[in-house]
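# An overview of the molecular structure
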Amino acid sequence: MIETVFENEANVSSAPTLRIRYRIRFAKTGLLRWIGHTDLIRLWERMARRAALPLSMSQGFHRRPRMAFPSALALGIIGLDEVAELELSEELDEDVLLGRLIADEQPGLSFASVRKLAENCPKAVLERSDYVVSVPESADLLAARAAIERLRTEKVVSFSRKKKTISTDVGTEIPTLDVDGTGLRFTLVARDQASIRPDDLLVLLGLSDWPTHGATITRTRVHLRSDFASPSITQG
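A brief report on the enclosed structure follows.

Conventions adopted
Every chain's residues receive numbers from 1 upward, in the order its sequence appears when written. Residue-level local features of this predicted model are given only where pLDDT is at least 70; pairs of side-chain atoms are given and counted only at 80 or more, and the full residue set underlies all totals for whole chains, interfaces and linings. To obtain the side-chain values, all non-hydrogen atoms of the structure were included, while hydrogens and water were left out. Secondary structure elements are defined from DSSP: runs of H or I of at least 4 residues count as helices, runs of E of at least 2 residues count as strands, and each element is numbered from the N terminus. With a 1.4 Å probe rolled over the protein chains alone, any residue whose accessible area is under 20% of its type maximum counts as buried; one over 50% counts as exposed, and the rest are partly exposed. Only heavy atoms matter for contacts: two residues are in contact if any of them lie within 4.5 Å across the pair. Here a polar contact is recorded for every N or O atom pair within 3.5 Å, except that within protein the pair must consist of a potential hydrogen donor and a potential acceptor, and residues adjacent in sequence are included only if both atoms are side-chain atoms. The arc in question is traced by the directions running from the helix axis to the C-beta atoms. Think of a 1 Å grid over the protein atoms and nothing else: a 1.4 Å probe that fits but is trapped marks a cavity, an open set flanked by protein within 12 Å on at least five of seven lines marks a pocket, and residues with an atom within 4 Å of a point count as lining. Grid points are joined across faces, edges and corners, and a volume is the space filled by probe spheres set on the points. In this count, Pro and Cys sit with the nonpolar residues alongside Ala, Val, Leu, Ile, Met, Phe, Trp and Tyr, while Asp, Glu, Lys and Arg are called charged and the others, Gly among them, polar. We count a salt bridge whenever a side-chain nitrogen from Lys or Arg sits within 4 Å of a carboxyl oxygen from Asp or Glu.

Bringing the side chain of Thr-168 into the picture now. Mapped onto the elements of the fold, Thr-168 is located in strand β7 (residues 164–169). A relative accessible area of 0% means that Thr-168 is categorised as buried. If we ignore the near neighbours within four places in the chain, the residues touching Thr-168 are Lys-155, Val-156, Val-157, Phe-159, Glu-173, Ile-174 and Ile-196.

As structure tokens, then:
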């Protein structure tokens, strides 16, 4: 009898486990923008368990839920269109999954859409991000516009990060850059090596003091390299 039980357990453990991926668009706002990426992952894990999601777990001694975020937000940046991918061991209707996430009512997190991904859909890879930086009351817009024009005349610019020098092709990696009374708007293109970040751009423009004078940085849109998902279920 004992041998039979062990044999059955072996058969169960060797059975293939479903891994169904879902891509979720969400916003990270309010006080939640002040938690780091590691804490955000822990928050998602707790939220998924509260929502009774059938999470697919990694192998090994320390098993963890299979979830991924293609681009971590720096501390203090608001994210209006972030991306997370979850793998579930059971299939859920997209609207059911979206409803469970919304029902958790996690402060600072809101959910826009859920997509079940096709089996051949590659993992989410960041292509570019759109940002807006609010303009402090003390800002000199004429000086900011002049700094933008000077930067646009440059082919390649360099900046320092952690004692390393990083070079950026202005035309390719900062395809849009403009400012008016409502905000400094720009797009940053991701690359395999170290990519330019919003704080790097503010330094290059001589505007690094804007956040200390009340400016907030918001990522308004995350663009992925490919998306072979089915039509999304969107909160309506």
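From this point on, the discussion continues.
Tracing the chain through its elements places Arg-161 in strand β6 (residues 156–161). Arg-161 gets classed as buried once you look at its relative accessible area, which sits at 15%. Side-chain polar atoms of Arg-161 contact the backbone oxygen of Ser-195, separated by 2.8 Å. The residues touching Arg-161, leaving out its near neighbours within four places in the chain, are Ile-166, Ala-194, Ser-195, Ile-196, Arg-197 and Asp-200.

Those residues of helix α3 (residues 94–103) lying buried are Glu-94, Leu-97, Leu-98 and Leu-101. The buried residues of α3 occupy one face: seen down the axis, they fall within an arc of 95°.

This part covers empty space enclosed by the protein. Under the criterion given, the structure shown has one cavity of 30 Å³ or more. One number sums up the size of the largest cavity: a volume of about 80 Å³. Forming the boundary of the largest cavity are Phe-26, Lys-28, Gly-36, His-37, Leu-40, Phe-69, Ser-71, Ala-72, Leu-73, Glu-82 and Val-83. The residue makeup of the lining of the largest cavity, split by class, is six nonpolar, three polar and two charged.

This part is about the pattern of salt bridges. Side-chain pairing between opposite charges can occur once the charged atoms of the two side chains come close. Considering all chains together, one arrives at 19 salt bridges under this definition. One salt bridge connects Arg-128 with Glu-127, and the closest N-O pair in it is separated by 2.3 Å. Close ionic contact of Asp-199 with Arg-197 constitutes a salt bridge, the shortest N to O distance being 3.5 Å. The network of salt bridges with common partners includes Arg-19, Arg-66 and Glu-87.

On to the layout of surface pockets, then. Approximately 520 Å³ is the volume found for the largest pocket. Ala-72, Ala-74, Tyr-131, Arg-197 and Pro-198 are, among the 29 residues lining the largest pocket, the residues nearest its centre. Looking at the lining of the largest pocket element by element, the count peaks at three residues for strand β5 (residues 126–133). Of the residues contributing to the lining of the largest pocket, the split by class is 18 nonpolar, five polar and six charged.

One can find Pro-65 in the loop between α2 (37–50) and β2 (67–68). A relative accessible area of 7% places Pro-65 in the buried class. Sequence separation between Pro-65 and Leu-55 is ten residues; the distance between their C-alpha atoms is 6.0 Å. Non-local contacts of Pro-65, meaning those with residues more than four positions away in its chain, are made with Glu-45, Arg-49, Leu-55, Ser-56 and Met-57.

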